[in-house]
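Next come the chains, spelled out residue by residue.
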Amino acid sequence: MTSNHTMVLSSYVIDELYKVIERKFPNKIQVIEDLLSTMSYELVYTPKTIKKQLIEIRDKSDYPVIHTAIVEGVYILITGDKDFQNLEIEKPEILTPNEFLEKYRLF
């Protein structure tokens, strides 16, 4: 059922994942390494310095995520972060994990 979708992960999201795992669950780094090495996804680069602001978002630390999604032409951004839910943009479509599963009948 997911063959119609390509998961896209940004370098920013992966960096953040490692920071959180290292801080909260340092003994689980290998689990993340194994997971990422077995998953099929497209990796896109998030610039360290973003010069042009494309959209306003309340939590500035979330800006690299939406910026990368817009610049890379991602169709759907799946997130539970409520700061993304209030953005009024056409693309990417912003869905919670449950909304995505319901809309694309993946469960």
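In this report, we go over the structure that sits alongside the text. (Residues numbered from 1 in each chain as written. Predicted model: local features only at pLDDT ≥ 70, side-chain atom pairs only at ≥ 80, totals over all residues. Heavy atoms only, no water.)

Turning to the environment of Pro-97, a few remarks are in order. Here Pro-97 is to be found in helix α5 (residues 97–103). Measuring from C-alpha to C-alpha, the distance between Pro-97 and Val-20 comes to 20 Å, with 77 residues separating the pair along the chain. When near neighbours in sequence (up to four residues on either side) are disregarded, Pro-97 contacts Ile-78, Thr-79 and Gly-80. (Helix = DSSP H or I, 4+ residues; strand = E, 2+ residues; numbered from the N terminus. Contact = heavy atoms within 4.5 Å.)

What follows concerns the packing of helix α1 (residues 11–24) against helix α2 (residues 29–38). The N-to-C vectors of α1 and α2 enclose an angle of 155°; their axes lie 9 Å apart at closest approach. Looking at the two axes, α1 sits roughly antiparallel to α2. For the pair α1 and α2, contact is made by Ile-14, Leu-17, Tyr-18, Ile-21 and Glu-22 and by Ile-29, Ile-32, Glu-33 and Leu-36, respectively. (Axes fitted to C-alpha atoms, helices over the stretch in contact; angles between N-to-C directions. Parallel < 35°, antiparallel > 145°, perpendicular 65-115°, else oblique.)

It is worth spelling out the side chain of Thr-68 at this point. Note on placement: Thr-68 falls in helix α3 (residues 63–71). Setting aside chain neighbours within four positions, we find Thr-68 in contact with Ser-10, Val-44, Tyr-45 and Thr-46.

Let's shift gears to the pattern of salt bridges. Pairing between side chains becomes possible if they bear opposite charge and their charged atoms approach one another. As enumerated under the stated definition, the model contains five salt bridges in all. Here Glu-16 and Lys-19 are joined by a salt bridge, their closest N and O atoms 3.4 Å apart. Pair noted here: Glu-16 and Lys-19 are both in helix α1, with a separation of three residues, about one helical turn. Asp-83 is the salt-bridge partner of Arg-58, the closest N and O atoms lying 2.7 Å from each other. Linking Arg-58 in the loop between β2 (42–44) and α3 with Asp-83 in helix α4 (residues 82–85), this pair joins segments that are 25 residues apart in sequence. We classify Asp-83 as buried; its relative accessible area is 15%. (Salt bridge = Lys/Arg side-chain N within 4 Å of Asp/Glu carboxyl O. Buried < 20%, exposed > 50% of the residue type's maximum accessible area, 1.4 Å probe, protein only.)

The next subject is the nonpolar core. Grouped together as the largest cluster of nonpolar side chains are nine residues: Ile-55, Ile-57, Tyr-63, Val-65, Ile-66, Leu-77, Phe-84, Leu-87 and Ile-94. Looking at which element gives the most residues to this core, the answer is α3, with three residues. Look past the residues within four positions of Ile-55 in its chain and what remains in contact with it is Tyr-63, Ile-66, Ile-70, Leu-87 and Ile-89. Counting residues in hydrophobic clusters, the runner-up holds six residues, among them Leu-9, Tyr-18, Ile-21 and Ile-32. (Core = buried A, V, L, I, M, F, W, Y, C linked by side-chain atoms within 4.5 Å.)

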